[in-house]
Each structure stands twice: as C-alpha cells, then as structure tokens.
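The primary structure of each chain is shown beneath.
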Amino acid sequence: MEIYKENQLKIYNSLSKSKELFKPLTEGRVGMYVCGPTVYSNVHLGNVRTFMSFDMVFRYFLHLGYKVRYVRNITDAGHLENDADEGEDRISKKARIEEIEPMEVVQRYTLDFHETLEKYNFLPPSIEPTATGHIVEQIEMIKEIMEKGFAYEVNGSVYFDVLAYNEKGNNYGILSGRKMEDAIHNTRTLDGQSDKKNPQDFALWKRADERHIMRWPSPWSDGFPGWHLECSVMSTKYLGEQFDIHGGGMDLKFPHHECEIAQSQTCSGEKPVNYWMHANMLLLNSQKMAKSTGNFVLPNEILTGNNNILSKAFAPSVVRFFNMQAHYRSILDFSSDALEASEKGYYKLMDAVNSLQNIQTSKTSSVDIASWKQQCYDAMNDDFNTPILIAHLFEAVKIINQLKEQKATITADDLAVLQKTMHAFVFDVMGLTNETKQDSSDKIDGVVALLIKLRKEARDNKDWALSDQIRDELLALGIQLKDGREGTTFSIN
Ligand code: AMP
Ligand code: ZN
C-alpha cells in the first residue's frame, strides 16, 4: 500500500521537548510500546483516554500504510502502592481484601479492561504480554545489569545504582528533567528504613515478606520483579533494543519511564526509544481522574448514565469524539455538559457522512476538495492534531450542506475523494462508529438510570414510600435494583 506522504509526520518527542520529523528505524514499519493497565481495579475514564490517544496514533499509522507492531502490556505483578518501592503489591492487596487468589483479581480486571475497550471500539494491539509471563527474562535482565556494575543486592532485594549509572556519563533525569536532588527528595521513604544505598535507587527485584503471596524463585530470594523492569523487558523482547515509539500517560514520565531508559540503556548501550510520547490527563472537578481519590467516572457508567454527575447515558462514539476534540497533549475537563456538546457535534458529523450517498454530481466543482484533503492530513501530520482535523471535517459538513441545497457543485471524482477521506478520518483514524440512532436497549438503560436518580432524590428527602414504589414496580417489570457502596446498579431479567 502506498505510504501517504512519508517524511511529513511530526511527533512531539518528550525527550527532546520538540516536534521532530518521524523517521522509522525500518522503512514502512513502526514499533510502538505503550504501558498497559495495572489490573487491580476497573479502568476509569481517565485510563481510557490515554489508551484511546494511542489507539488513534496506531490507527493513523495503519491508515498511512505502515506495518505496525503495537505492544501494550498488562501489569499483573510488581506495581507497589507508591513509587518509592514501598507498600504492598496492588494486586496482592486487592486479593487479600477480597479473600481471593491474586490471579482471580488479574483475570477479573483484565476481562473488564478488554470488554471496555471493545465497547469503545479499540483495535487490539499486536501483542499484549503480561509481566508474570516474563519473570525468566526479567531475572536475566537483572543479572545483566548487575554484571555491568549498575545494580547491587541487599537482603535478597536488588536495586539499580543511579549514582553509578550517572558516573559513567549517563543522565538519570534525561526524560523528566528532574535533578538528582529532586529525585532524592521524592523517593525518600517516610520512616527512613530502606535497604537502598541511596534513596533515588530503585528496585529491580524485591524479596517477598511472608505476607506477600505473589512470589517467584530467583538467585537472590523468593520475590517479585520491579514494575519498571517489566516494561524494559517486554519492550526489548518484542520490539528490540531500539524501537520507534514509547507511550504512556504524562504521570508515567517519572519515575517509571526514566527508570526504563536507565535499565535498557545499561543493557544495550544504546538509547532504547526514538520518540517518547506522553498523553495528558483527563480531569474531573478540576482534579486528575484517579481511583485512589475517588474522583472518577467508570466507562460503563457513561453508557448507562448511572452516575449522579451524568445527565443521561451517552454512546461510546460520543466519548471518543469528546476525547478527539482535545489534543492528546492537552488536559481535558470531563463534565456531563461537555459530553452533551460533543454529542451534538458528533450527530451533526454523522448526518453529513450519511447524506454523502445522496449528493448530485456536476461537470465542474465549485469546491476545492484537494486542498481540503491536504489540510486534513496536515493537521494529523502535525503531532496528531485531532481538534484541527475535526475543524476541517466540519468545513466538509458545511460543503456537504451547500451541495445538498444545490448552492455548490462537485464532480463525481471530487465526490469520491470527499467520501473516501471523510470515511478514512471519521471511522478508520478517529475510530468513531456510525451510531445514528440509539437502539431501544440503550433507551431502557437511560430510563432506568433516570428512575434510579429520582429514587435517590426520594430517599434523600426521606420519601421512603416513593423510593420503595419505584423499586417494587421496576421489580415487577423484571428490573432489579441493587444498592451498593458505589451507588445503585440494576439487572434486567
Ligand atoms: P495505571 O493502570 O494506573 O498504570 O494507568 C494506566 C494508564 O492510564 C497510564 O498510562 C496512566 O498514565 C493513565 N492515566 C491514569 N490516570 C489518568 C487520567 N486521569 N487521565 C488520563 N490518563 C490517565
Ligand atoms: Zn511501563
């Protein structure tokens, strides 16, 4: 397939802090690694935004005709409660609280992740490796780092020696711009009890204490690998010691990606990644959406409207459109009003796309489709600028409306270009689906969500009779409400 305008795409590289012309290591091919979720809870809409940004990047490369190997991992071990290598493993903790096996936690939330991404029309990555499937390779990489003199063992745990790394002319801080003193400040443990030689060192392997259920044998102890190490191992294994693109959310720049660079660079002697891409955060109530603070919306709640901050249910493509209206490097504020505005724009776009079949053609065009098409590519080639792309798509909506009202003319060839380009950007690149009408099951979900909201209001007013009436009459219709800690959910029998 023809590669459209190779050498035109510019990507903002977090490493050089500038837009650079994209030059793949191998012509016509792209290797991309994106840090996947830690599967200890349901993904929230913020997580979905970051993965959606990289889904769009993946889709655009495919559209341009590149052969892409897209690796997105599943973190199913080693991610501790805080970034200073302290606290319990997030998955073990959940397993302990719920009294289930850690692998049951992993299975439950991996399934939830996959179901969510399918509902939101994601393309699956080429490879989705798990950390626990690569323990052997992680042990090998630790040995290599130790042989090179950049790691040391204390009490069965192994730490990366940041000072030794810097003394050999490397720069721990090259990506995040953090100075060593800041790093020390940020990683100092509260009680000062640590096996580390220096507080900025980070764990490659941790000895498991007796409470820690997820453990593997190693030359140093029965223990588990560090979270940063797993991404270095899996990216190198599937993409090589040097690859094109590494992505993740902004909050992973430090320490996660900084540590990845140090580990991989130590082993290969090369800079591992050519373009570091970081997607910005989704905010709710002006704060980062996060599970830990309770400030989040679940992707499923959007589809049912079952969350007090939502005025109603929304289709997955409306959320996609909402995300694409912001540049991936800009923060984005979530609100029900903002989704409603996106919904209007989305349906306007779909109406125009759907009416393209019914346009009459003429011998001449009064509209310049070739330069419009070029502008769409120029927007995407400027660091995947989807908001500018959308502005151009709405210029096409205007053109389509003029054509419908016979206030403009178009040749058959130009109409074919308009149709093909609209379809390519709307469906293939942005990943929207054509949801012209909500089907009746969506409507039922919306109505039940509304009744749940009214029932909550009744309960807040201590109007128990009305609240019971809503519950009982829904039950008589085969719709059962369940009150839980995170609100009321329902099932339809
Ligand atoms: P985690 O499972 O915590 O490792 O997060 C998975 C991905 O979601 C990472 O790339 C994070 O940077 C990203 N992420 C977490 N919170 C947000 C947010 N509020 N907005 C956008 N991305 C986020
Ligand atoms: Zn990672």
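Residues numbered from 1 in each chain as written. Chains lettered and ligands numbered in written order. Predicted model: local features only at pLDDT ≥ 70, side-chain atom pairs only at ≥ 80, totals over all residues. Heavy atoms only, no water.

**Student:** What should I look at first to understand the overall build of the protein in this one?
**Tutor:** Along its length, the protein carries 16 helices and 15 strands. Against the globule reference of 23 Å for 493 residues, the protein gives a C-alpha radius of gyration of 25 Å, in line with a compact fold. Principal-axis analysis of the C-alpha atoms gives the protein an extent of 80 × 65 × 35 Å. Going through the 493 residues of the protein one by one, you find that 53% of them count as buried. (Helix = DSSP H or I, 4+ residues; strand = E, 2+ residues; numbered from the N terminus. Rg over C-alpha atoms; globule rule 2.2 N^0.38 Å. Buried < 20%, exposed > 50% of the residue type's maximum accessible area, 1.4 Å probe, protein only.)

**Student:** Looking at this model, I keep getting lost on the site of ligand 1. Mind explaining?
**Tutor:** As a matter of local geometry, ligand 1 sits amid 16 residues, with Gly46, Thr50, Asp251, Leu282 and Met289 nearest to it. Thr38 has a polar backbone atom sitting 3.0 Å from an oxygen atom of ligand 1. Within the side chain of Asp251, an N or O atom sits 2.3 Å from an oxygen atom of ligand 1. Relative to its unbound accessible area of 500 Å², ligand 1 is 93% covered by the protein chains. When atoms are counted within 2 Å of each cavity's grid points, the one that captures over half of ligand 1 is the largest pocket. (Near = heavy atom within 4 Å. Polar contact = N/O pair within 3.5 Å; in protein donor to acceptor, adjacent residues only side chain to side chain. Areas by Shrake-Rupley, 256 points an atom, 1.4 Å probe, with all protein chains shown as cover. 1 Å grid on protein atoms, 1.4 Å probe; cavity = no way out; pocket = protein on both sides within 12 Å on 5 of 7 lines; lining within 4 Å. Sits in = over half its atoms within 2 Å of the grid points.)

**Student:** Is there a simple way to think about the pairing of strand E2 (residues 18-21) in this case?
**Tutor:** As defined by bridge partners, strand E1 (residues 10-13) adjoins E2 across four bridges and the pair is classed as antiparallel. In the sheet register, Ile11 faces E2, and the bridge partner there is Glu20. With antiparallel pairing between neighbouring strands as the criterion, E1 and E2 make up a hairpin whose turn holds four residues, including Lys17 at a positive phi of roughly 55 degrees. (Pairing = 2+ DSSP bridges.)

**Student:** How should I be thinking about the sheet that holds strand E3 (residues 29-34) in this particular structure?
**Tutor:** Strand order in the open sheet formed by four strands is E4-E3-E9-E10, with parallel pairing between adjacent strands. Strands at the two margins of the open sheet, each flanked by one partner only, are strand E4 (67-72) and strand E10 (273-279). Pairwise comparison of adjacent strand axes, ignoring direction, gives a mean angle of 20 degrees for this sheet. Two strands pair when backbone bridges link them, and E3 and strand E9 (residues 243-249) are joined in this way by three bridges, in the parallel orientation. Within E9, the position partnered with Val34 by the bridge is Gly247. Lying on the sheet, helix H7 (residues 227-239) is in contact with E3, E4 and E9; it crosses E3 at an angle near 160 degrees. (Axes fitted to C-alpha atoms, helices over the stretch in contact; angles between N-to-C directions. Contact = heavy atoms within 4.5 Å.)

**Student:** Would you mind going over the coordination of the zinc ion (ligand 2) with me for this structure?
**Tutor:** In a perfect tetrahedron of four donors around a metal, the angles come out at 109.5 degrees. In a perfect octahedron of six, they are 90 or 180 degrees. Within the protein, Cys35 (SG), Cys231 (SG) and His256 (NE2) serve as the donor atoms for the zinc ion (ligand 2), at 2.0 to 2.2 Å. All donor residues of the zinc ion (ligand 2) come from one chain, and their arrangement in sequence is C-x195-C-x24-H. Here the residue Cys35 occupies a position in the loop between E3 and helix H1 (45-64), and Cys231 occupies one in helix H7, the gap between them amounting to 196 residues. No difference in accessibility class separates Cys35 from Cys231, as the two residues are buried. (Donors = N, O, S within 2.8 Å, 3.2 Å for Na, K, Ca; no water.)

**Student:** Any chance you could explain the environment of Gly177 here in plain terms?
**Tutor:** With respect to the secondary-structure elements, Gly177 resides in the loop between helix H5 (162-167) and helix H6 (180-187). Along the chain, Gly177 and Leu15 lie 162 residues apart, while their C-alpha atoms are 9.1 Å from each other.

**Student:** Would you take a moment to explain the packing of aromatic side chains for this structure?
**Tutor:** The geometry of two aromatic rings is summed up by the distance between their centres and the angle between their planes. As enumerated under the stated definition, the model contains 21 aromatic pairs in all. Aromatic side chains Phe61 and Tyr66 sit 5.4 Å apart centroid to centroid with 85 degrees between the ring planes, which places their arrangement in the edge-to-face category. With respect to burial, Phe61 and Tyr66 carry one shared label: buried. Centroid distance Tyr172 to Phe254: 6.2 Å. Interplanar angle 65 degrees. Geometry classified as edge-to-face. Here Tyr172 is found in the loop between H5 and H6, whereas its partner Phe254 is found in helix H8 (residues 253-268), with 82 residues between them in sequence. Taking the relative accessible area as the measure of exposure, Phe254 reaches 10% and is therefore buried. Between the NZ or CZ atom of Lys291 and the centre of the ring of Phe296, over which it lies, the distance is 5.0 Å. (Phe/Tyr/Trp six-rings, centres within 6.5 Å; stacked < 30°, edge-to-face > 60°. Lys NZ or Arg CZ within 6 Å of the ring centre and 35° of its normal.)

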